[in-house]
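# Chains, contacts and geometry: an overview
Read off the chains here:
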2 protein chains.
Amino acid sequence: MKVGFVQMDCRFGEVEKNLEKAIGLISRKKADLWVLPELFNTGYQFVSKREVADLAEAIPGGPTTQRLLAVAKERRTSIVVGLVERSGKALYNASVLVGPRGLIGVYRKIHLFYEEKKWFTPGNLPFEVYPVGYKSEKGGTLRARIGMMICFDWIFPESMRTLALLGADIVCHPANLVLPYCPDAMVTRSLENHVFTITANRIGVESRGKESLRYIGRSEVVGPGGEILCRASDKKEETSVISIDPKLARNKRLNRFNDLLKDRRSLFYLGRG
Amino acid sequence: MKVGFVQMDCRFGEVEKNLEKAIGLISRKKADLWVLPELFNTGYQFVSKREVADLAEAIPGGPTTQRLLAVAKERRTSIVVGLVERSGKALYNASVLVGPRGLIGVYRKIHLFYEEKKWFTPGNLPFEVYPVGYKSEKGGTLRARIGMMICFDWIFPESMRTLALLGADIVCHPANLVLPYCPDAMVTRSLENHVFTITANRIGVESRGKESLRYIGRSEVVGPGGEILCRASDKKEETSVISIDPKLARNKRLNRFNDLLKDRRSLFYLGRG
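Along each chain, the written sequence defines residue order, and numbers are assigned to residues from 1. For this description, chains carry letters from A and ligands carry numbers from 1, given in the order in which they are written. Per-residue local features of the predicted model are confined to residues with pLDDT of at least 70, and side-chain atom pairs are confined, for both listing and counting, to 80 or more; whole-chain, interface and lining totals are unaffected and use all residues. Just so you know, side-chain values use all the structure's heavy atoms and leave hydrogens and water out.

## Overview of the overall build of chain A
- Here a helix means four or more residues in a row that DSSP labels H or I, a strand means two or more in a row labelled E, and each is numbered from the N terminus. Along its length, chain A carries six helices and 14 strands.
- For a compact globule the rule gives 2.2 Å times the number of residues to the power 0.38, and the radius of gyration it is set against comes from C-alpha atoms. Relative to a compact globule of 273 residues, whose C-alpha radius of gyration would be 19 Å, chain A shows 18 Å and is just as compact.
- When its C-alpha atoms are laid out on the principal axes, chain A stretches across 55 × 45 × 35 Å.
- Burial analysis of chain A (273 residues in total) assigns 62% to the buried set.
- Every residue pair with non-hydrogen atoms within 4.5 Å of one another is taken to be in contact. Taking the intrachain contacts of chain A between residues at least 6 apart in sequence as the baseline, contacts between residues at least 24 apart amount to 67%.
- Charge assignment: positive for Lys and Arg, negative for Asp and Glu; neither His nor the chain ends contribute. Think of each charge as sitting on NZ of Lys, CZ of Arg, CG of Asp or CD of Glu. Put simply, chain A has 43 plus and 30 minus side-chain charges, and the middle of one group is 4 Å from the middle of the other. Note on classification: 1.4 Å probe, protein chains only; a residue is buried when its accessible area is under 20% of the maximum for its type, exposed when over 50%, partly exposed between these limits.

## Considerations on helix α3 (residues 63-75) of chain A
Residue and element names in this part refer to chain A.
- Multiply 1.5 Å by the residue count of a helix minus one, and that product is the helix's expected span. In this model α3 runs 18 Å from its N-terminal to its C-terminal C-alpha over 13 residues, within 8% of the 18 Å that 1.5 Å per residue would give.
- If you check which residues of α3 are buried, you get T64, T65, L68, L69, V71 and A72. Taken around the axis of α3, the buried residues stretch over an arc of 165 degrees, which confines them to a single face. Along α3, the residues that are exposed and aim more than 90 degrees away from the buried face are P63, K73 and E74.
- A positive phi of about 50 degrees marks R76, the residue just after α3. For this quantity, the arc is that covered by the directions from the helix axis to the C-beta atoms.

## Overview of the packing of helix α1 (residues 15-27) of chain B against helix α3 (residues 63-75) of chain B
All names here are of chain B.
- Structural elements are reduced to axes, namely lines fitted to C-alpha atoms, with helices fitted over the stretch in contact, and the angle between N-to-C directions of any two is expressed from 0 to 180 degrees. At their nearest, the axes of α1 and α3 sit 11 Å apart, and the two run at 15 degrees to each other. The angle between α1 and α3 falls in the class roughly parallel. Pair α1 / α3 crosses with right-handed handedness. Note on element contacts: α3 touches α1 through T64, R67, L68, V71 and R75, opposite V15, L19, E20, I23, I26 and S27.
- Under the scheme applied, nonpolar residues are Ala, Val, Leu, Ile, Met, Phe, Trp, Tyr, Cys and Pro; charged residues are Asp, Glu, Lys and Arg; polar residues are all the others, including Gly. Split by residue class, the contact of α1 with α3 holds six nonpolar, two polar and three charged. The scheme is simple: roughly parallel for angles under 35 degrees, roughly antiparallel for over 145, roughly perpendicular for 65 to 115, oblique for anything else. For any pair of crossing helices, the crossing counts as left-handed if the nearer helix is rotated counterclockwise from the farther one by less than a right angle, and right-handed if it is rotated clockwise.

## Remarks on the relation of the copies chain A and chain B
- At an RMSD of 0.0 Å, chain A and chain B line up after a rotation of 180 degrees and a shift of 0.0 Å along the axis. Given the turn and translation reported, the copies of this chain are related as if by a two-fold rotation axis.
- Most of the interface of chain A is mirrored in chain B, where 100% of its interface residues again form contacts. We place the copies in one frame by least squares, fitting the C-alpha atoms of every residue whose pLDDT is at least 70 in both.

## Points about the sheet that holds strand β4 (residues 90-99) of chain B
Residue and element names in this part refer to chain B.
- With respect to topology, six strands assemble into an open sheet ordered β5-β4-β3-β2-β1-β14, the strand pairing being mixed. Of all strands in the sheet, those with a lone pairing partner are β5 (102-108) and β14 (238-243), marking the two edges. Neighbouring strand axes in the sheet, compared pairwise and without regard to direction, differ in orientation by 30 degrees on average.
- For two strands to be treated as a pair, DSSP must find at least two bridges joining them. With six bridges joining them, strand β1 (residues 2-7) and β14 adopt antiparallel strand pairing. Paired with V3 across the two strands is I242, which belongs to β14.
- Across the face of the sheet, α3 comes into contact with β3 (78-87), β4 and β5 while running at roughly 10 degrees to β4.

## A few points about the environment of B:L55
All names here are of chain B.
- Considering the arrangement of structural elements, one finds L55 in helix α2 (residues 49-55).
- Owing to a relative accessible area of 15%, L55 belongs among the buried residues under this scheme.
- Along the sequence, L55 and R28 sit 27 residues apart, while their C-alpha atoms lie 28 Å from each other.
- When sequence neighbours within four positions are dropped, the list of residues in contact with L55 reads F12, G13, V15, T42, F46 and V84.

Here's what the structure looks like:
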């Protein structure tokens, strides 16, 4: 299965321009699954709820999801992006997974970071895992199990643990990272759950309101053994596509005595449900 | 509070020699809390259950705990070590926390690694947090909250999360690490829980039975922001003592909007007891 990320800068509020740039980047390489950054089409640094509402879109009816559905169909690929979702009166920091046959899934960010708490409603849907098809080397169609989480969700180990317990092979992780910790922490996340992770981050600087944010790039694909399969620079727009075997994530055995999920002793764990 | 680790090699089965070496290393520096490796007095690589039984000791009645209780009293320090505990017919890969006033706590390894499953009964006690006194700079006595976990427990994020939810300021982590992942992963563990961690690992090679194990050293103290405060070499016996303020671990706020424990949304987390 060929999987890739788009690491890009984006201009605040210029939805069409950002979307077309992303599609241009995707179109240069062939992949079965693409991951793009959080809020890739709007930019991140809102200064009022009104701005958020103005840039929010319905899923799947809004123009961004519709355009991506067309691209996914045309290029026979699946795409994960982050965007602002409007649902009734609520505004979510959401991600959408679209494939050649249509909408596959929506995730609403469960752990909001910093001023996002002023703009967004916290996610109200459970973590979920979705099937995404890809051609095997022998020509048949196989299915990878895809989970989504967004940016700050990474710092709560429960996010990826929940996706792993649901059977995720690959966790798609749109991000707008400004702190330095996540790229290395994703190695631990992949390792402790034995899953692939694809983090697609922004680059560039956004200066709106009182603050200026610099996004750290370093998008990456990490393998289930904690191997950094590819990692982007911290400043350049770039795409990366690599071949992985999602099935490798399904065998949770570390050795003949240990299995990362079966060895869990949940009787002794605090802090669930 | 002055905290330190002892990184040492040990000779299989030579309990008295290993114990006296450890005490010698501790005696060179002053600290309020010392952490020593897993199974520091017996060695790790058992080849029969009989061997384990022969080297097991009661806690606190056995000679190792008794000797450490005397050292803790004499040197006004607290000490965490890993050892084999005999309790009735059961044998545990355990750790003990002793202080100047006596036995403070016992932990029995909950997640057994590799052949340990052949030798040990899995831990049957909950994770716990214990108070350990230290002198403040103004001369009063303060209490740090100490949690224990042993080696492989690190790979299950639930271990340290449980200790953090119980209020641990410092997680003491006796280890016999042979794989390369843990030292960097402990940065993530400290960061995601905003606690101090002290990993005390072995060095050296043990060749018994069919396998030869090389212990990776790299003992370390990591701060609640994921800072590596000190890290040992991968080959040398060494001790390290540094000053920390355990109270720093109690404020879980990342910024004015986010708190690492209060922001948890456990309704959406799978995998509890």
